[in-house]
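Architecture and fold: a report
Next come the chains, spelled out residue by residue.
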Amino acid sequence: MAGRINDDDVKAVRDAVPIDSVVSEYLQLRNAGGGNLKGLCPFHDEKSPSFQVSPSKGLFHCFGCQEGGDTIAFVMKIDHLSFSETVERLAAKAGITLRYEEGGYNPSHQRGERIRLIEAHQAAAEFYVRALESPEAEIGRTFLAERGFDQDAAAHFRVGYSPAGWDHLTRYLRGKGFSDKELITSGLSQDGRRGPIDRFRGRLMWPISDTAGDIVGFGARKLRDDDNGPKYLNTPETPIYKKSQVLYGIDLAKKDIAKASRAVVVEGYTDVMACHLAGVTTAIATCGTAFGNDHIKILRRLLMDNGSARVIFTFDGDAAGQKAALRAFEDDQKFAAETYIAIAPDGMDPCDLRLVKGDDSVRDLVEPRTPLFEFALRQIVGRYDLETPAGRAAALDEAAAVVAKIKTSSVQREVAVQLAGLVGILDQEFVVRRVAQLARWARDKGGDHGERGGRGGTQGARGPRGGAPQQAAPAPAFSGPALNLRSPAHRTERELLKLALQKPALVSPAFDAYGVDEFTAPPYAAVRQCIEEAGGAEQGVVDDRAYLGAVLDAAPDNTVRNLVTELAVEVFHGKSIDETYAGMHLVHVRLRAVDRRIADVQSSLARLGTNVAPQDLAAAQNEVWVLQQYAQTLRAHGAAAL
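The present account deals with the structure reproduced in this document. (Residues numbered from 1 in each chain as written. Predicted model: local features only at pLDDT ≥ 70, side-chain atom pairs only at ≥ 80, totals over all residues. Heavy atoms only, no water.)

Description of the nonpolar core
Counting 46 residues, the largest nonpolar core has Leu496, Val507, Phe511 and Ile531 as the members making the most contacts within it. Contributions of two or more residues to this core are made by α20 (488-502), α22 (522-533), α24 (544-554), α25 (558-569), α26 (579-608) and α27 (614-637). If you tally residues by element for this core, the top one is α26, at 10 residues. Excluding its chain neighbours within four sequence positions, the residues that come into contact with Val507 are Leu496, Leu499, Ala500, Ala537, Ala582 and Leu586. (Core = buried A, V, L, I, M, F, W, Y, C linked by side-chain atoms within 4.5 Å. Buried < 20%, exposed > 50% of the residue type's maximum accessible area, 1.4 Å probe, protein only. Helix = DSSP H or I, 4+ residues; strand = E, 2+ residues; numbered from the N terminus. Contact = heavy atoms within 4.5 Å.)

Thoughts on the packing of helix α17 (residues 389-403) against helix α18 (residues 409-423)
Packing of α17 against α18 brings their axes to within 11 Å, and their N-to-C directions diverge by 160 degrees. As the angle between them shows, α17 and α18 are arranged roughly antiparallel. Seen from above, α17 lies across α18 with right-handed handedness. Between α17, through Arg392, Leu396, Ala399, Ala400 and Val403, and α18, the contact on the second element is made entirely by Gln412, Val415, Ala416, Leu419 and Val423. For the contact of α17 with α18, a count of residues per class yields eight nonpolar, one polar and one charged. (Axes fitted to C-alpha atoms, helices over the stretch in contact; angles between N-to-C directions. Parallel < 35°, antiparallel > 145°, perpendicular 65-115°, else oblique. Left-handed = near helix turned anticlockwise from the far one by under 90°. Nonpolar A, V, L, I, M, F, W, Y, C, P; charged D, E, K, R; others polar.)

So, the pattern of salt bridges
Tallying each qualifying case throughout the model produces 27 salt bridges. Across the salt bridge formed by Arg147 and Glu146, the nearest N and O atoms sit 3.9 Å from each other. Residue class for Glu146 comes out exposed when judged on its relative accessible area of 53%. (Salt bridge = Lys/Arg side-chain N within 4 Å of Asp/Glu carboxyl O.)

Topic: the sheet that holds strand β15 (residues 338-342)
Paired through their backbone hydrogen bonds, the strands of a sheet run either parallel or antiparallel. Taken in spatial order, the five strands make up an open sheet running β13-β12-β14-β15-β16, and their pairing is mixed. Where the open sheet ends on each side, the last strands, each with one partner, are β13 (283-285) and β16 (370-371). Both strand β12 (residues 262-266) and strand β14 (residues 310-314) contribute to a ladder of four bridges, which runs parallel. Of the residues in β14, the one forming a bridge with Arg262 is Arg310. Helix α12 (residues 293-303) contacts β12, β13 and β14 of the sheet and is inclined by roughly 155 degrees relative to β12. (Pairing = 2+ DSSP bridges.)

Let's talk about the side chain of Thr71
Considering the arrangement of structural elements, one finds Thr71 in helix α3 (residues 71-79). Not counting residues up to four positions away in its chain, the partners in contact with Thr71 are Val17, Ile19, Val22, Gly58 and Leu90.

Some thoughts on the pairing of β12
Of all five residues that make up β12, five are buried, and the element is covered over most of its length. Side chains Arg262, Val264 and Val266 of β12 all project onto a buried face; the interleaved residues Ala263 and Val265 project onto the opposite face, where all are buried too. In this structure, β12 lies alongside β13, joined through three bridges in parallel fashion. Its bridge partner lying in β13, Val266 is registered against Ala285. Each parallel crossover has a hand, and for β12 linked through helix α11 (residues 269-277) to β13 it is right-handed. (Right-handed = clockwise from strand over helix to strand, strands pointing away.)

Remarks on the packing of aromatic side chains
Going through the model one piece at a time under the given rule, you end up with 16 aromatic pairs. Seen in terms of ring centroids, Phe51 and Phe60 are 5.5 Å apart; in terms of plane orientation they differ by 25 degrees. Their pairing is stacked. Across the pair, Phe60 and Phe51 agree in class, each one buried. Taken together, a centroid distance of 5.5 Å and an interplanar angle of 80 degrees make the contact between Phe60 and Phe74 edge-to-face. Of the two residues, Phe60 is situated in strand β4 (residues 59-62) and Phe74 in helix α3; the sequence distance between them amounts to 14 residues. Exposure class is identical for Phe60 and Phe74. Each is buried. For Arg147, the ring lying beneath its charged end belongs to Phe143, and the centroid distance is 3.6 Å. (Phe/Tyr/Trp six-rings, centres within 6.5 Å; stacked < 30°, edge-to-face > 60°. Lys NZ or Arg CZ within 6 Å of the ring centre and 35° of its normal.)

Side note on helix α16 (residues 372-381)
Most of α16 is tucked away: eight of the 10 residues are buried. Every buried residue belonging to α16 is among Leu372, Phe373, Phe375, Ala376, Leu377, Gln379, Ile380 and Val381, and all of these are buried.

Thoughts on the sheet that holds strand β2 (residues 36-39)
Strand order in the open sheet made by the five strands is β1-β2-β3-β4-β5, with antiparallel pairing throughout. With partners counted over all chains shown, the strands left at the sheet margins are β1 (30-33) and β5 (68-70), one partner each. Across the sheet, the mean angle separating the axes of adjacent strands is 30 degrees when strand polarity is ignored. Lying on the sheet, α3 is in contact with β3 (51-54), β4 and β5; it crosses β5 at an angle near 120 degrees.

A short note on the environment of Asn31
Relative to the helices and strands, Asn31 resides in strand β1. For Asn31, a relative accessible area of 59% gives the class exposed. Here the alpha-carbon distance between Asn31 and Val571, two residues 540 residues apart in the chain, equals 9.8 Å. If we skip the residues at most four places from it in the chain, Asn31 touches Asn36, Leu37 and Lys38. A polar contact is formed between the side chain of Asn31 and the backbone nitrogen of Gly33, at a distance of 2.8 Å. (Polar contact = N/O pair within 3.5 Å; in protein donor to acceptor, adjacent residues only side chain to side chain.)

Section: the environment of Pro239
Position of Pro239 relative to the elements: it lies in the loop between β11 (232-234) and α10 (250-260). The sequence separation of Pro239 and His80 amounts to 159 residues, and the corresponding C-alpha distance is 10.0 Å. Not counting the four nearest positions on each side in its chain, Pro239 is found in contact with Glu113, Leu117 and Thr185.

Examining helix α1 (residues 7-16)
Within α1 the residues assigned to the buried category are Asp9, Val10 and Val13. Down the axis of α1, the buried side of the element spans an arc of 105 degrees, and every buried residue falls inside it. More than 90 degrees from the buried face of α1, the exposed residues found are Asp8 and Asp15. In the core, the buried residues of α1 are packed alongside α3 and α4 (83-94). (Arc of directions from axis to C-beta.)

Functional significance is not addressed by these values, which are geometric in nature.
What follows is the structure in structure tokens.
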């Protein structure tokens, strides 16, 4: 039996492999200040980066899920490896030869399963690449050449060929020391009548790597008419390959995706090749499955959910491509990035487009133009006859249900207004109300109260110059939807709460006059309520440490308490955190509250029409006038008008 790895060697591995270089293989890291780096945690789903790495200490810690440790602990958890497997993997990366306390060097057949399976795939990839040079593989080389890929392109993407015989690869890997059990488990071989045979035979082979660059599977393309199998055949589900959790080309594209804050999602292996060779080096593709939630998580960790991030989907213009676009739109809200769709002229995919019109046309194709939501709505509306009232009504019913799924109220309203234009309904407010109604029904049915906190008015907004705020109802502990970082309102509210917790002197005493319902996101309303119960931001000016403790004590549950902690340590987005910066956020939050109240009153008047009593009409009109004057003053004089 193989012995324990020598302690000195374990220490040498820890010292030799910088933790930031390892973590960067899985997610994008940015400067968090104080020599630390931050990113979106790979161990739990989050909207704001709470995962921090300290290169100087060789440690990581997530303030969201409390996972932490050193380089070895990170790799063990993210790749589900044992301690020995992890040390062996990192040692190989660092070029360190390990010693074992009992029994000398570790025999290869006793190494961890994951490492053995990855080694088998690496050996298979090398075998396939060499096989592409054989006379038998002429058909494969012709296939590539006809699509504009030369020998250098094939080598760059490690494209290979699987010989047409029954067990060429199986015999080769046996000769490398791999057992039949390992070959079956890896998916490279399958059971035959007389033992294992090759799973892939007579096909063009693309290696599929995980984010760290390890080959975990293959995509195989049929080349011959007498091949009765599917056009594309992928590795089956194995301990190291889950098709819903891999993206072809991610190992080549991840650095540029993080650098450019942009990802291009295409449909096939040759499309990825065409994009990269044309200069679109952020292209990736799914592997025989629809783009789904796990794929979104991979991209979000690389894009870091910053406001300028872009995800561009390229789908064929046929019915299947349109269906894929609609599926992608259903998951659109899980991105903080803006999502777009690109469809080439004549419905060509990027590979065909490059072949027919050249590299420039591919680069031009993926420039963001059509928002995904707009494309999805046009596809829905286009199925109806908009020349008739019945057709417009039916189109509205189907499309409004889609728009109602948008969780952020401001975005939902904006899209609803665009939907009115697409359907040809002049009364935009009617469409906005219809969408809002459907959203309320969906929330009530699902027991999800969404963002209703703060949507009914701005009771906390003061009148011009010193009017006292009305008392807001206490905000309950939130259980609503995840925050949408694309919402300008949510971003501003978050920054204001960070100021109130970290630099209360900059926002006090003005902040303490803000009502709980001026914070439109339920989680932020809950934090605002905690600050109020702790005595307000003014208490933070007196005793900062005791104030933060009181805010935490006021939290109704761990969810709110964790959010308070997160906001209390998160870095600010601005370069200069001063009175000007604080005043800007105070004004923006208040202005949005005033504008919402104006819209609510005007909407109520429009609904009531002539059925409103004269005195009520006069009071409402006066309130609108006062609020409009206050808004004008805020815009003109900023924080001085608070």
